[in-house]
Amino acid sequence: MRAVDLIYKKRLGLELSPPEIDYLISGYTRGEIPDYQMAAFLMAVCWRGMTRAETFALTDAMVRSGRQLDLSAFGAVADKHSTGGVGDKVSLVVVPLVAALGVPVAKMSGRGLGHTGGTLDKLESFPGLRVELSEREFLEQLGRIGLVIAGQSPELAPADGKVYALRDATATVDSIPLIAASIMSKKLAAGAPVIVLDVKVGSGAFMRRRTEADRLARLLVDIGRTAGRKVQAVLTDMNQPLGWAVGNALEVKEAILTLRGEGPADLVEVCVEIAGRMLFLAGRYPDLQAARRAVRAVLAEGAALGKLADLVAAQGGDPALVWEPDRLPTAPVRRTVAARQPGYITRLDARAVGEAAVRLGAGRSKKGDPVDHRVGFIFHRKRGDWVSPGEPLFEVHARTESEAEAGAAAVLDALVIGERRPPARPAVLGTVEAGPGEA
């Protein structure tokens, strides 16, 4: 078997067998197949696609490239994954919620890259909090307090890390089979028997069109079900930022407010749907409606805040900040931007807002860039809201006056005010409970 022959076969649009895909992935992981050949294979996949069987084989090869966690001792452990968005602080709300309702949650998360934020960066807004945990620490914390959020272990699905770095450098990220294999190889290796996927749709998402997002969601669910996991997907809107806050510490504060029962409606809608499905799939409630009711009750009572404090304390942060979020890091410059004309906000482009937040320092353009946890935006009005001249639209939290001015200008360019109110758009667009081959 030779890599060049398999590249040529895929270039012709022919189907590769599981042993052939395993040869490519295992050889590349060991360093026996060079970058230029793997890059050629990835480009052929982008052009020719992959069959269902090939995608499953690719995922399986990536899972078997490293260690796999065994979480069977902890019962029906749940996990969730987001395909990435702007203002997406859902994990900071959902993980404590689900744990507070008796289902352990073991989540390995990522950092922000490009215009999308990362859960690990948000968590590190708590000074001293550690997100890099050993496998022993990860499992011990899960058993002791019932929840853990940590960085992806390099021993889990190492092939994915190596292949993704190459995809990022060779313009081969935009392929649904490659995306699905990347996501699910990490989720399957992490060991949770219950997985709920948050697939974002819109201008600020990786999948900008609903048809693409639906196809990805069905493939992700199909892979997970075939591997014996309980998996569902929720499609959520990402045409505008989720919630009011964009930026690490600002989003942490909003997550805390949400856990107090004071969160914005769109964020609450998404969190209730995802947490409810995690609890239902884990067998904690007899039906989805009962699970949703339980989640809303815990939110109204603020009963999950203690679980977030437990997580922060267990990973080295100061849990007092959960109860006093105003003590989280704050930016030295704050500027409120007011409306200049009356009308309805008809558009608030999520991608443009995310890119503006990156330029403020809230995100990174490439791996390794530092992140300023203090900076970002807080919106007072969003799509569908009426504004009058002089009313506040949003706040800029920045390091300098010049950066605040540039951030304000960028968001004003992303925001459109018109005479007619746009049609209402729900935060939860749909769900996928079965893969393409299931009833």
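Residues numbered from 1 in each chain as written. Predicted model: local features only at pLDDT ≥ 70, side-chain atom pairs only at ≥ 80, totals over all residues. Heavy atoms only, no water.

Participant: Go over the sheet that holds strand β12 (residues 415-418) with me, naming the residues and quoting the values.
Facilitator: Read from one edge of the open sheet, 3 strands run β10-β8-β12, paired in antiparallel fashion. Each edge of the sheet is formed by a strand with only one pairing partner; in this case those strands are β10 (386-387) and β12. Pairing between strand β8 (residues 343-348) and β10: 2 bridges, direction antiparallel. Bridging across to β10, Tyr344 finds its partner in Trp386. (Pairing = 2+ DSSP bridges. Helix = DSSP H or I, 4+ residues; strand = E, 2+ residues; numbered from the N terminus.)

Participant: Got a sec to walk through the nonpolar core? Specific residues and values, please.
Facilitator: In terms of nonpolar packing, the biggest core is built from 88 residues, with Leu97, Phe126, Phe377, Phe394 and Val396 touching the most fellow members. Sort the elements by how many residues they give to this core and helix α12 (residues 265-281) lands first, with 10 residues. For Phe394, the residues in contact, after removing those within four places along its chain, are Arg335, Thr336, Val337, Phe377, Ile378, Phe379, His380, Ala408, Val411 and Leu412. (Core = buried A, V, L, I, M, F, W, Y, C linked by side-chain atoms within 4.5 Å. Buried < 20%, exposed > 50% of the residue type's maximum accessible area, 1.4 Å probe, protein only. Contact = heavy atoms within 4.5 Å.)

Participant: Outline the packing of aromatic side chains, supporting the account with residue identities and numerical values.
Facilitator: Each aromatic ring pair is summarised here by two numbers: the centre-to-centre distance and the angle between the ring planes. Overall, the coordinates contain 4 aromatic pairs when judged by the stated rule. An angle of 40° between the planes, with centres 6.3 Å apart, marks the rings of Phe377 and Phe379 as tilted. For the pair Phe377 and Phe379, one class covers both residues: buried. Between Phe379 and Phe394, the ring centres sit 5.9 Å apart and the planes meet at 45°, which makes this aromatic pair tilted. With a gap of 15 residues between them, Phe379 in strand β9 (residues 376-379) and Phe394 in strand β11 (residues 392-398) connect regions that are remote in the sequence. In this structure, Phe379 and Phe394 share a single accessibility class: buried. Three or more aromatic residues link up through ring pairs in this structure, and these residues are Phe377, Phe379 and Phe394. The ring centre of Tyr28 lies 4.5 Å from the NZ or CZ of Lys162, which sits over that ring. Seen from the ring of Trp244, Lys382 lies directly overhead, with NZ or CZ sitting 5.6 Å from the centre. (Phe/Tyr/Trp six-rings, centres within 6.5 Å; stacked < 30°, edge-to-face > 60°. Lys NZ or Arg CZ within 6 Å of the ring centre and 35° of its normal.)

Participant: Tell me what's going on with a nonpolar patch on the surface, and back it up with residues and numbers.
Facilitator: On the surface, a cluster of nonpolar side chains totalling about 290 Å² of accessible area is made up of Tyr8, Leu12 and Leu14. Assessed through its relative accessible area of 43%, Leu14 is described here as partly exposed. (Patch = residues over 30% accessible without salt bridge, like charges linked within 9 Å, V, L, I, M, F, W, Y side chains within 5 Å. Areas by Shrake-Rupley, 256 points an atom, 1.4 Å probe, with all protein chains shown as cover. Salt bridge = Lys/Arg side-chain N within 4 Å of Asp/Glu carboxyl O.)

Participant: An account of the environment of Ile25 is needed here, citing residue identities and associated values.
Facilitator: Looking at the secondary structure, you find Ile25 in helix α2 (residues 18-29). Excluding residues within four positions of it along the chain, Ile25 makes contact with Met38, Leu58, Ala61, Met62, Ala159 and Val163.

Participant: Help me get a handle on the pairing of strand β4 (residues 194-201), residues and values and all.
Facilitator: The element β4 is extensively covered by neighbouring structure, given that 8 of its 8 residues are classed as buried. In this structure, strand β1 (residues 78-82) lies alongside β4, joined through 5 bridges in parallel fashion. Paired with Lys80 across the bridge in β4 is Val196. The pairing of β4 with strand β5 (residues 230-237) spans 8 bridges and is parallel. Within β5, the residue paired with Val201 across the bridge is Asp237.

Participant: Outline the pattern of salt bridges, supporting the account with residue identities and numerical values.
Facilitator: One pass over the full model with this rule turns up 32 salt bridges. Glu273 is the partner of Arg292 in a salt bridge, and the nearest nitrogen-oxygen pair spans 3.0 Å. Placement of Arg292 in helix α13 (residues 288-301) and of Glu273 in helix α12 is noted, with a sequence separation of 19 residues between them. The closest approach of N and O atoms between Glu433 and Arg277, which form a salt bridge, is 3.0 Å.

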